[in-house]
Amino acid sequence: MAGLGNVVNPLTPDAPAAAVWPSTPEGVAQAAQRWRAGELVAFPTETVYGLGADATQDAAVAKVFAAKGRPSDHPLIVHVASAQDLPAFVREVPPAVARLVTHAWPGPLTLILPRRPGVAQAAAGGQDSVGVRCPSHPVAQALLRAAQTLGVAGVAGPSANRFGRVSPTRAQHVWQEFNGEVPVVDGGDCEVGIESTIVDATRGALVILRPGHYTAAQLSEWAGEPVLAQDALSQAAPKASGTLASHYAPQARVRLWPRERLMALVTEGATPPPEVAVWSPDPSPAGWLGPWRIQPQDPHDCARVLFATLRELDASGVREIWVSEVPEGEAWAGVADRLRRAAA
């Protein structure tokens, strides 16, 4: 796995708790031990890095909310090693959900199901439902299985960033986000790059609450029944991660523009270029002085670099980040959702 400079050996007795740890067996074991002790460790998944704590220890989960500055009634997602671990957290698994799990797990899919009484109440934000997913990242799998051997049934793991800010897709992002105060296991760059698709299964139908890598068409085929789009039911949905109107936002203001309008604006030079960064599928015009990044035209490639690009452009010190709107369609729904919330 990819590593970073200045990695601290987690087995050195005098090593500080906050460090970037390699994804070696020793690093994995140390992280699992910290989870068992009720402490925080950030970890890689295929979507983004998560800020992990033992989901069954309410006091440990409270540290997650505190570190992120996240309201305690805004639920976290519980990460498990396999589908066989679902009964530890949920009361029942409908047949359509069992079919989904067979096809989509391990992978970037979170399922909201009726919560088993007396378990993970803090992680669920006090709701009677709980979001659960099984990540496919090999380091995440190694961590979850190592934690299981120590009695940690599942790990609550929201994105490892301050509440409402840009999600991290590299270990270095986590280190920077928390000023080195939270240890992180380095698993390299995240392959998917945006958070999991969330499907609610608590209201008699399967409904997408947050789009992601998996599309409604894929999920419907796997489930053997329709997976409905957001807001398809009149009954109120349970709260879920990443569904607030404003989210994933850098310090600079994000402004979305139709592709043609964006190019017209930068060509006209209506705003001083050094104060604006641009993320567009088109090359920068002659004479443009501000930061400019090329937006991939494949939805999965675009998702993979989305958050890293926003972080990089934000770090350049600009006041605004102008982003070309992505194409319509299911394949782009996850990227479009994150950009809308970043610009809200």
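Every value quoted in this text rests on a predicted model; they were computed, and no experiment measured them.

Reading the values: rules and limits
- Residues numbered from 1 in each chain as written.
- Predicted model: local features only at pLDDT ≥ 70, side-chain atom pairs only at ≥ 80, totals over all residues.
- Heavy atoms only, no water.
- Core = buried A, V, L, I, M, F, W, Y, C linked by side-chain atoms within 4.5 Å.
- Buried < 20%, exposed > 50% of the residue type's maximum accessible area, 1.4 Å probe, protein only.
- Helix = DSSP H or I, 4+ residues; strand = E, 2+ residues; numbered from the N terminus.
- Contact = heavy atoms within 4.5 Å.
- Salt bridge = Lys/Arg side-chain N within 4 Å of Asp/Glu carboxyl O.
- Pairing = 2+ DSSP bridges.
- Axes fitted to C-alpha atoms, helices over the stretch in contact; angles between N-to-C directions.
- pLDDT = per-residue confidence, 0-100.
- Parallel < 35°, antiparallel > 145°, perpendicular 65-115°, else oblique.
- Left-handed = near helix turned anticlockwise from the far one by under 90°.
- Nonpolar A, V, L, I, M, F, W, Y, C, P; charged D, E, K, R; others polar.
- Expected span 1.5 Å × (residues − 1).
- Polar contact = N/O pair within 3.5 Å; in protein donor to acceptor, adjacent residues only side chain to side chain.

Undergrad: Please provide a residue-by-residue account of the nonpolar core, values included.
TA: Soluble, globular proteins show a tendency: their nonpolar side chains are buried together. Core analysis: the biggest nonpolar cluster contains 52 residues, and L51, W105, L109, L111, L206 and L219 have the highest contact counts within it. Those elements that provide at least two residues to this core are β3 (50-54), α2 (58-68), α3 (95-104), β5 (109-114), β6 (129-133), α5 (171-177), β10 (206-210) and α6 (216-223). Beyond its immediate stretch of four places on either side in the chain, L219 contacts L100, L109, T197, V199, I208, Y214 and V227. Core analysis: the second largest hydrophobic core is formed by 24 residues, Y248, W279, I321 and V323 among them.

Undergrad: Help me get a handle on helix α9 (residues 333-343), residues and values and all.
TA: Within α9, eight of the 11 residues are buried, leaving the element largely enclosed by the surrounding structure. Here α9 has its buried residues at G334, V335, A336, D337, R338, L339, R341 and A342. On its buried side, α9 packs onto β10, β12 (253-257), α8 (299-315) and β15 (320-324).

Undergrad: An account of the pattern of salt bridges is needed here, citing residue identities and associated values.
TA: The full count for this structure, using the stated rule, is 13 salt bridges. The partner of E177 in a salt bridge is R311, and the shortest N-O contact between them spans 2.9 Å. With E177 in helix α5 and R311 in helix α8, this pair connects stretches of sequence that are 134 residues apart. Here E177 and R311 have matching classes, each one buried. Here R341 ties to D337 by a salt bridge, and the two come within 2.9 Å at their closest N and O atoms.

Undergrad: Can you break down the sheet that holds strand β13 (residues 276-280) residue by residue, with the values?
TA: Strands sit in the order β12-β15-β13-β14 across an open sheet of four strands; the sheet is parallel. Strands at the two margins of the open sheet, each flanked by one partner only, are β12 and β14 (292-294). With direction set aside, neighbouring strand axes in the sheet form an average angle of 15°. Across four bridges, β13 lies against β15 in parallel orientation.

Undergrad: Any chance you could break down the confidence of the model for the protein chain for me, citing the residues and the numbers?
TA: Confidence in the prediction for the protein chain averages 91 pLDDT; 91% of positions are at 70 or higher. This stretch, residues 1-16, has a pLDDT under 50; its non-local contacts, to residues over four places away or in other chains, come to 30 contacts.

Undergrad: Could you give me a rundown of the packing of α3 against α6, with the residues and numbers involved?
TA: The angle between the axes and the distance between the axes are what describe a pair of packed helices. Put simply, α3 and α6 touch, their axes get as near as 8 Å, and they point 115° apart. Between α3 and α6, the interaxial angle falls into the category roughly perpendicular. Handedness of the α3/α6 crossing: right-handed. Residues A96, R99, L100, H103 and A104 of α3 pack against L219, W222 and A223 of α6. Its residues assigned to classes, the contact of α3 with α6 shows six nonpolar, one polar and one charged.

Undergrad: Go over the pairing of β13 with me, naming the residues and quoting the values.
TA: Consecutive residues of a regular strand have side chains that alternate between opposite faces of the sheet. For β13, the buried fraction is high: five of the five residues fall into the buried class. Residues V276, V278 and S280 of β13 are buried on one face, and the alternating residues A277 and W279, pointing to the opposite face, are buried as well. Pairing of β13 with β14 involves three bridges; the strand directions are parallel. In the sheet register, S280 faces β14, and the bridge partner there is I294.

Undergrad: So, α8: which residues are in play, and what are the values?
TA: For α8, spanning 17 residues, the distance from its first C-alpha to its last is 24 Å, which sits close to the expected 24 Å at 1.5 Å a residue. Looking at α8, one finds that the buried residues are P299, C302, A303, L306, F307, A308, T309, L310, R311, L313 and D314. The inward-facing, buried residues of α8 contact α5, β13, β14, β15 and α9. Measuring from the side-chain oxygen of the N-cap residue of α8 to the backbone nitrogen of H300 gives 3.0 Å; that N-cap residue is D298. G317 sits one or two positions beyond α8 and adopts a positive phi of about 90°.

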